[in-house]
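A structural walkthrough
Next come the chains, spelled out residue by residue.
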Amino acid sequence: MGKRLSIALALLATAGLVQASASPWAKIETATPGPPRVIGKVSYGCISGAEALPETGVGYVSIRRHRNRFYGHPETLKLVQGLGEELAKRRQDRKLMIGDLSQPRGGLMSSMHRSHQNGVDVDVWFTLTESVEHAKKLAPEGNDPPSMLQADKRLTSQHWGEDQLFLLKTAAENPQVERIFINPGIKLAVCASQGPDAPWLQKLRPWHGHDAHFHVRLKCPEGSPDCEQQAPLPPGSGCGAELASWFKPKPAVKPTKEAEKPPAKPVKPAPPPIPPQCRPVLAQGTDAKLAEQRADFLSTH
Ligand SMILES: [Zn+2]
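This one's a predicted model, so the numbers in the text were calculated from it and none came from an experiment.

Here we take up the packing of helix H2 (residues 74-90) against helix H4 (residues 162-172). Interaxial distance between H2 and H4 falls to 10 Å at its minimum, and their mutual angle equals 145 degrees. H4 is crossed by H2, and the crossing has right-handed handedness. Contacts from Leu 83, Glu 86, Leu 87 and Arg 90 of H2 reach H4 at Glu 162, Asp 163, Phe 166, Leu 167, Thr 170 and Ala 171. A per-class count over the contact of H2 with H4 returns 5 nonpolar, 1 polar and 4 charged.

So, in structure tokens, the structure goes:
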């Protein structure tokens, strides 16, 4: 990479960070009233009329509440509550740990996620807890619960078991669930144990990370005409060539002479940070200082 290009990219990355940390969505502490409406895409959207997930319920504990990312569409809350109830039927001594949903009005977060913007995403930790207090010890801020994978990317029996498989399958078989992101190593093991034709495996999408938690994404719920659904899932279980492609060694990069180098690709401009239908959602509120910051943000985007 040319020196000038790397400087330009570094500047862009810094600008991205500045933009994310300045996201006014992260400062909003309340949802807007009214019926729930999912707007835009998971990585470019917001939600009005979101509901807050209670800190605890049958079979689950919502963790890291200080982040204020426990809001979502009622269907997302229903999914969490349903999963908790299914776990509770199975065993009384353990509860799910629920991580981030969305901010009160969704939108861009200041850290961690690009998606989770419109109230249909939720992170569920594979590690189970005994109680709210126990969860605070298991997953304090900055210290994630353990990975389900060993160093060789195979499942570890120390942390992975029937409960984890049960949760993935129960979530995937929920008709409201559109897809679930998990680490390719986990998908490989699940494909091997379930057989490559099990229909629920189609929703398991391999992605980087996601070895200590799985990320559930719902379909666009009814009554949200501005919700933009992601491209449909590829056909089949995804246990074959697609999954194998994650494990192919990267081809060695041959050193090339300067003259042979292809021209640098143009840097893709970042999408504008707010869809038009989200502007009134962001603007609603009475706090004068915040309103000023929001007006500032809206006038530049
Ligand atoms: Zn997630």
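What follows continues from the structure just given.
Let us now look at the pattern of salt bridges. Overall, the coordinates contain 18 salt bridges when judged by the stated rule. Between Asp 93 and Arg 91 there is a salt bridge whose closest N-O contact spans 2.8 Å. For Asp 93, a relative accessible area of 40% translates into the label partly exposed. Three or more residues are tied together by salt bridges with common partners; here these are Arg 90, Arg 91, Asp 93, Arg 94, Glu 130 and Asp 163.

Bringing the layout of surface pockets into the picture now. Its boundaries defined by the atoms lining it, the second largest pocket holds a volume of some 250 Å³. In terms of lining residues, the second largest pocket is bounded by 17 residues, among which Met 112, His 113, Asp 123, Trp 125 and His 213 are the most central. Taken together, the elements giving at least two residues each to the lining of the second largest pocket come down to strand S8 (121-129) and strand S11 (213-218). Taken together, the residues of the lining of the second largest pocket sort by class into 4 nonpolar, 7 polar and 6 charged.

What follows deals with empty space enclosed by the protein. Taken as a whole and assessed by the stated rule, the structure comprises 1 cavity of 30 Å³ or more. Reported here for the largest cavity is a volume of approximately 40 Å³. Here the residues of the lining of the largest cavity are counted per class, giving 2 nonpolar, 3 polar and 4 charged.

We now examine the side chain of His 116. Inspection of the secondary structure assignment puts His 116 in the loop between strand S7 (95-98) and S8. For His 116, the side chain forms a polar contact with the main-chain oxygen of Leu 101, separated by 2.8 Å. Not counting residues up to four positions away in its chain, the partners in contact with His 116 are Val 42, Asp 100, Leu 101, Ser 102, Met 109, Asp 121, Val 122, Asp 123 and His 215.

Right, let's get into the environment of Arg 64. Tracing the chain through its elements places Arg 64 in the loop between strand S5 (60-62) and strand S6 (71-72). Once residues lying within four places of it in the same chain are set aside, the contact partners of Arg 64 are Trp 125, Ala 139, Pro 140, Glu 141, Gly 142, Asn 143, Asp 144 and Pro 145.

Once that is clear, we can look at unusual backbone geometry. Note: most peptide bonds trans; most residues except glycine with negative phi. Located in the positive-phi region is His 116, a residue other than glycine, with phi close to 60 degrees. A relative accessible area of 0% means that His 116 is categorised as buried. Notably, Lys 153 is not glycine yet its phi reads approximately 70 degrees, a positive angle.

Before going further, it helps to spend a moment on the confidence of the model for the protein chain. Taken as a whole, the protein chain shows an average pLDDT of 87; of its residues, 82% reach a score of 70 or greater. Long-range and interchain partners of residues 1-20, a stretch whose pLDDT sits below 50, account for 11 contacts in this model, where long-range means more than four residues apart.

Moving on, we come to the state of the cysteines. For the structure on display, the rule yields 3 disulfides. A sulfur-sulfur separation of 2.1 Å characterises the disulfide bridge that pairs Cys 46 with Cys 278. Given an S-S torsion of about -100 degrees, the disulfide between Cys 46 and Cys 278 has left-handed geometry. Taken together, the residues span a long stretch of sequence, with Cys 46 in strand S2 (residues 44-48) and Cys 278 in the loop between helix H6 (241-244) and helix H7 (279-283) at a distance of 232 residues. The same class applies to Cys 46 as to Cys 278, namely buried. At a sulfur-sulfur separation of 2.0 Å, the disulfide partner of Cys 191 is Cys 239. Its torsion about the S-S bond being -80 degrees, the disulfide of Cys 191 and Cys 239 is classed as left-handed. With a gap of 48 residues between them, Cys 191 in helix H5 (residues 184-194) and Cys 239 in the loop between S11 and H6 connect regions that are remote in the sequence. Neither Cys 191 nor Cys 239 differs from the other in exposure class; each is buried. Here the protein chain pairs its bonded cysteines, counted in sequence order, in the arrangement 1-6, 2-5, 3-4.

Rules behind the numbers
Residues numbered from 1 in each chain as written. Predicted model: local features only at pLDDT ≥ 70, side-chain atom pairs only at ≥ 80, totals over all residues. Heavy atoms only, no water. Axes fitted to C-alpha atoms, helices over the stretch in contact; angles between N-to-C directions. Helix = DSSP H or I, 4+ residues; strand = E, 2+ residues; numbered from the N terminus. Left-handed = near helix turned anticlockwise from the far one by under 90°. Contact = heavy atoms within 4.5 Å. Nonpolar A, V, L, I, M, F, W, Y, C, P; charged D, E, K, R; others polar. Salt bridge = Lys/Arg side-chain N within 4 Å of Asp/Glu carboxyl O. Buried < 20%, exposed > 50% of the residue type's maximum accessible area, 1.4 Å probe, protein only. 1 Å grid on protein atoms, 1.4 Å probe; cavity = no way out; pocket = protein on both sides within 12 Å on 5 of 7 lines; lining within 4 Å. Points joined across faces, edges and corners; volume = space filled by probe spheres on them. Polar contact = N/O pair within 3.5 Å; in protein donor to acceptor, adjacent residues only side chain to side chain. pLDDT = per-residue confidence, 0-100. Disulfide = S-S within 2.5 Å.

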